[in-house]
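Examining the three-dimensional arrangement
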Amino acid sequence: MQKRALAIHDISCIGRCSLTVCLPILSAVGIETVVLPTAVLSTQTGGMTGFTFHDLTSEMTPITDHWKALGQTFDVIYSGYLGSLAQAKLVEEIIHDFKKERSLVVVDPVMADNGEYYSLMTPEFTDEMRSLCKNADIITPNLTEAAFLLDRPYYPHPSEKEVEELLRGLAALGAKKVVITGVSFEGNSLGAAAYDSETGEISYAFTDRVNAIFHGTGDVFGSSLVASIMSGKKLSEAIRIAMDFTFRAIKRTLAAGTDLRFGVQFELELPYLMRELGVL
């Protein structure tokens, strides 16, 4: 039967990120994707000024109440950017209400990068994200978010031993599987580290480093990771596919010479992901 996902993210009307990334990527590999917007922004926030922001917290419960009346459930619940502290508690309730026995819960604790909180985020988000991560099967923080969740100092270039300590520390919060993005042990490579607490396996996936800031790549990676897991791939293989897909989108964007604030051109790389996951 066709798999069904619930994507809980914001809508940034311009700038490829959040729902405008999750929806096409998951749909392309045959996963029916239901959306629950957390906020509407005129653009993504990285490198932008003057953007509009509309919090949709008040709309979320009426929407999910209607879904409950319709008896809806999901094979995967995937949360990302949350527009308010209250939304973290709402997402916990949503997981409880709509998770089936074999449902997968993936939480991307979006709140910070490069040692700093994102615009509109505050340190108070850390406690709420930590609580939300306890409800997840898989969490996908970047290095900054990993450090903040564990109340540790942020180091941009941790050693392999330090990364593995972060992975195990994050798993102790409750998630069975942990993926940390933005990991680099050599100056010319960048990638992800993964830990499966059930098997004890730690795995890595790297691509060449490109010295530029690419907005929305965390969502491209996360969405393709979810797509890969839901297509039956092991965690180690899923991070490789997600890294390769994201890097291909980065290379295509650089070749096109477009404004990097508007995200990476993942759309034309969807056939690669579909082939890797056996859809084409």
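Presented here is a report on the structure given in the accompanying data block. (Residues numbered from 1 in each chain as written. Predicted model: local features only at pLDDT ≥ 70, side-chain atom pairs only at ≥ 80, totals over all residues. Heavy atoms only, no water.)

Focus on the overall build of the protein
Keep this limit in mind: Only DSSP runs of H or I reaching four residues or more are called helices, and only runs of E reaching two or more are called strands; each is numbered from the N terminus. Only the C-alpha atoms count toward the radius of gyration. The rule for a globule is 2.2 Å times the residue count to the power 0.38. Each residue is assigned to one of three classes by its accessible area relative to the maximum for its type, calculated with a 1.4 Å probe on protein chains only: buried under 20%, partly exposed between the two thresholds, exposed over 50%.
Counting its regular elements, the protein contains nine helices and eleven strands. Taking 19 Å as the expected radius of gyration for a compact globule of 280 residues, we find that the protein reaches 17 Å, a close match to that expectation. By principal-axis analysis of the C-alpha atoms, the protein measures approximately 50 × 40 × 40 Å. Considering the protein as a whole, with its 280 residues, one finds that 54% of them fall into the buried category.

Notes on the packing of aromatic side chains
Here is the rule: A pair of aromatic rings is counted whenever rings of Phe, Tyr or Trp (Trp by its six-membered ring) have centres within 6.5 Å, and the orientation is called stacked for planes under 30 degrees apart, edge-to-face for over 60 and tilted otherwise. Whether a charge sits over a ring comes down to the Lys NZ or Arg CZ being within 6 Å of the ring centre and within 35 degrees of the ring normal.
Using the criterion set out here, one finds seven aromatic pairs in the structure. Ring centres 4.8 Å apart and planes at 35 degrees place the aromatic pair Tyr117 and Phe148 in the tilted group. Here Phe148 lies in helix 5 (residues 143–149) and Tyr117 lies in strand 7 (residues 116–117), a separation of 31 residues in the sequence. Classification of Phe148 as buried rests on a relative accessible area of 17%. Three or more aromatic residues joined by ring pairs form one cluster here, namely Trp67, Phe74 and Phe98. Lying across the ring of Tyr195, Arg168 places its NZ or CZ 5.6 Å from the centre.

A word on unusual backbone geometry
Residues other than glycine seldom take positive phi values, yet Ser18 does so here, at roughly 50 degrees. Position of Ser18 relative to the elements: it lies in the loop between strand 1 (4–14) and helix 1 (19–28).

Some remarks on helix 8 (residues 235–256)
Applicable threshold: By definition here, a helix of n residues has an expected span of 1.5 Å times n minus one. We call two residues in contact whenever any of their non-hydrogen atoms come within 4.5 Å of each other.
Under the 1.5 Å per step criterion, the end-to-end length of helix 8 is 32 Å for 22 residues, consistent within 8% with the ideal 32 Å. Along helix 8, the residues that are buried comprise Leu235, Ala238, Ile239, Ile241, Ala242, Met243, Phe245, Thr246, Phe247, Ala249, Ile250 and Thr253. Where helix 8 is buried, its residues touch helix 1, strand 9 (177–183), strand 10 (189–196), strand 11 (201–208), helix 7 (217–230) and helix 9 (270–276). Gly257 lies just past helix 8 and shows a positive phi near 70 degrees.

Observations concerning the packing of helix 2 (residues 57–69) against helix 3 (residues 85–98)
We apply this condition: Fitted lines through C-alpha atoms serve as axes, helices being fitted only where they are in contact, and the angles separating the N-to-C directions of these axes extend from 0 to 180 degrees. Working rule for angles: under 35 degrees goes down as roughly parallel, over 145 as roughly antiparallel, 65 to 115 as roughly perpendicular, anything else as oblique. Polarity classes work like this: nonpolar for Ala, Val, Leu, Ile, Met, Phe, Trp, Tyr, Cys and Pro, charged for Asp, Glu, Lys and Arg, and polar for all others, with Gly in that last group.
Running from N to C, helix 2 and helix 3 point in directions that differ by 5 degrees, and their axes come no closer than 11 Å. In terms of orientation, helix 2 lies roughly parallel with respect to helix 3. Residues Thr57, Met60, Thr61, Thr64, Trp67 and Lys68 of helix 2 pack against Ala86, Gln87, Leu90, Ile94, Asp97 and Phe98 of helix 3. Its residues placed into classes, the contact of helix 2 with helix 3 shows six nonpolar, four polar and two charged.

Points about helix 2
So the rule is basically this: Arc, as used here, means the arc of the directions from the helix axis to the C-beta atoms.
Among the residues of helix 2, Thr57, Met60, Thr64 and Trp67 are the ones counted as buried. Looking straight down helix 2, one finds that the buried residues subtend no more than 65 degrees of arc, so they occupy a single side. Every exposed residue of helix 2 that faces more than 90 degrees away from the buried side is listed here: Ser58 and Ala69. Buried residues belonging to helix 2 abut strand 1, strand 2 (32–43), strand 3 (53–55), strand 4 (74–79) and helix 3. After helix 2 finishes, the residue Gly71 shows a positive phi value of roughly 70 degrees.

Digging into the environment of Arg4
Tracing the backbone shows Arg4 in strand 1. Assessed through its relative accessible area of 19%, Arg4 is described here as buried. Through-space distance from the C-alpha of Arg4 to that of Asp127 is 29 Å; in sequence the pair is 123 residues apart. For Arg4, the residues in contact, after removing those within four places along its chain, are Ile31, Glu32, Val34, Gln72, Thr73, Phe74, Asp75 and Val76.

Observations regarding the sheet that holds strand 3
The test is simple: Paired strands are those between which DSSP finds at least two bridges.
Spatially, the nine strands line up as an open sheet ordered 3-2-1-4-5-8-9-10-11, and their pairing is mixed. Each edge of the open sheet is held by one strand with a lone partner, namely strand 3 and strand 11. One ladder, built from five bridges, connects strand 4 with strand 5 (residues 99–107); its direction is parallel. When the sheet's bridge partners are listed, Ile77 is paired in strand 5 with Val105. Against the sheet, helix 8 contacts strand 9, strand 10 and strand 11, and its axis sits at roughly 15 degrees relative to strand 11.

Nothing here speaks to function; it is geometry throughout.
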